[in-house]
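# Residue-level structural notes
The residues making up each chain are set out below.
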Amino acid sequence: GVLAIASLDTVVSFETCEELFTPNSPHIALSLDGVEIIANGSGSHHQLRKLDTRIDLVRSATQKCGGVYLYANMKGCDGGRMYFDGCSMVYVNGDCVAQGSQFGTLDEVEVVVAVVNLSDVRSMRSSFISRSYQASSTPTIHREHINFRLGAKDPMSLAPSPAFKPRIHDPMEEIAYGPSGWLWDYLRRSGMRGYFLPLSGGADSSSTASLVAIMCQRAVEELTTGTERSKKQVLADIRKITRMPTFTPKDANHLASKLFVTCYMASQYSGDETRSRAEDLAQEIGAVHCSIYIDDICAALKDTFVNLKCHSDAIPKEQIKTNPVIKGGTWMENIALQNIQARTRMVMSYFMAQLMPWATDGDNSPGGQLLVLGSANVDEALRGYYTKYDCSAADINPIGGINKRDLKSFLEWTGKNKGIKVLQRVADAKPSAELTGSEGEQSDEVDMGMSYDELGDLGFCRKVEKCGPLSTYLKLRNRWADKTLTPSIRATGDKAPKTKDEQVAQKVKDFYFYNAVNRHKMTTLTPSYHAENYSPDDNRFDLRPFLQCVAFDKQFEAIDNMVAKAAEPAAKKARTS
């Protein structure tokens, strides 16, 4: 039930985390009934660009109703996809008088204090006549009385905390400090030796590597600037992870060299530029870097298929083909041979994650193995532009809830602010899977038939704005009115869309088709840091069916009708001219 605690000098009550976000929040009735201090013990997880929403709600609660609002939020990883980002606050009459750090230190505990003048609350409320009228007819909330005084006996002994504008991180800072804190919490609680990352030199894996580097920077910084409790805890965690009882890192690169292994997994289609970027990045952040060639493994798999023996009489022996080719053959051959490259990298990632500590420790290895990091972004997951059970299949993925637009900006920000110079080269490069040709020969956006910017808009419409195909088309025909769209790979030649409405319609159809076709892949997505509210992660955030009709007959017909209707004025003008 709801109750208030009445002390000798004020009244205190509470509301829970999500109640602050509801239309009829309890703090409204509580404040109208004379409660002056409202506390909220919250478990609000981090999400990009969400903090200003929390701040606005707390500010509004005290700005309209008057009063003191104590907002306390959890910190750290809960062992799952969410990261709780702290940022506890104290507001008085719409003004912020205390704010904890949103990510700040790696300390598990942060205490936020403020001195408030309850006379300010009473003055504001008494001078608000309409509020007083509503308060006179508000039901009374049960009070438990205590023989205790919260205020200072001598009002001259304390000065009220001054108001200030609350601090809100730039989204790039949020990407830097949220997932890096999540990685640290997950690693220290997992009992593992560190992280292993297939580092391709592309934007996604470079972003993941950068987050591990920032994690190491924060851990080392904590050893010098943290609280005594935090220094002791972080050093104990470092020694537990590295299994070196006397180890103290000299700097972030020294720490990375003990818990982070990267590998460039080359094939005949890999380019010199991506290899160079991977090596330079690993060197700059201190990771133990290595490389392998996967061509022999892929060839062995293909040779195994070449030697296939069919024992069924239902298929004529001379009809069976067992020599697929990646170029010059059918689409089925091409995609199968691309997929074995991607899946080989996944198998080798887990193999190396288990063996690299043994391989590098020398004769007196303390044992243990590494956690495998994935690097698939949210847009590729929505489009299904990845191989099921490829190297996106991992233990955890720190960027799986972040879109490509933000990742590119993050790389540029990290290069400038964290001293990792090679990241600008990574950000400037065109994304490529390098499964049929090196960077420049194979392009992700050409293969997908849509740009990452377009994918971000489509994913936002589908999940956040709760749109189906028709609603998505109606929204995007306005948002994309001045935007040049990428060519469709499903409607080409004579069937290619010509007018802008036709282009938008085809893009929407392509997206929903590929999302439905590839929906089954999303059920196996690696657990990812939850950063966007349009995450495709089936396991927790999106429970739609994963076997869907891909035709969307009624929806696409409705889109076509709208396109035809939009074309009527131009057709009528052409007939009369």
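Residues numbered from 1 in each chain as written. Predicted model: local features only at pLDDT ≥ 70, side-chain atom pairs only at ≥ 80, totals over all residues. Heavy atoms only, no water.

Mapped onto the fold, Thr10 is located in the loop between strand S1 (4-6) and strand S2 (11-14). A relative accessible area of 4% means that Thr10 is categorised as buried. Looking at Thr10, its side chain comes within polar contact range of the side chain of Glu36, at 2.5 Å. Apart from the residues lying within four places of it in its own chain, the contact partners of Thr10 are Ile5, Glu36, Ile37, Leu118, Arg122 and Leu150. (Helix = DSSP H or I, 4+ residues; strand = E, 2+ residues; numbered from the N terminus. Buried < 20%, exposed > 50% of the residue type's maximum accessible area, 1.4 Å probe, protein only. Polar contact = N/O pair within 3.5 Å; in protein donor to acceptor, adjacent residues only side chain to side chain. Contact = heavy atoms within 4.5 Å.)

Within the open sheet, the seven strands sit side by side as S8-S7-S4-S3-S2-S1-S9. Their pairing is mixed. Two strands bound the open sheet, and with one partner strand each, they are strand S8 (95-99) and strand S9 (143-145). On average, each strand axis in the sheet is tilted by 20 degrees relative to the strand beside it, whichever way the strands run. Where S2 meets strand S3 (residues 37-42), three bridges bridge the pair, whose relative direction is parallel. Looking at S3, one finds that Ser13 is bridged to Ile38. (Pairing = 2+ DSSP bridges. Axes fitted to C-alpha atoms, helices over the stretch in contact; angles between N-to-C directions.)

For the rest of this paragraph, the subject is empty space enclosed by the protein. One pass over the structure, following the stated rule, counts two cavities of 30 Å³ or more. Approximately 40 Å³ is the volume attributed to the second largest cavity. His27, Ser31, Ile38, Ala61, Thr62, Cys65, Gly66, Gly67, Val68 and Tyr69 are the residues that line the second largest cavity. Elements with a minimum of two residues in the lining of the second largest cavity: helix H1 (26-32), helix H2 (51-65) and strand S4 (68-73). (1 Å grid on protein atoms, 1.4 Å probe; cavity = no way out; pocket = protein on both sides within 12 Å on 5 of 7 lines; lining within 4 Å. Points joined across faces, edges and corners; volume = space filled by probe spheres on them.)

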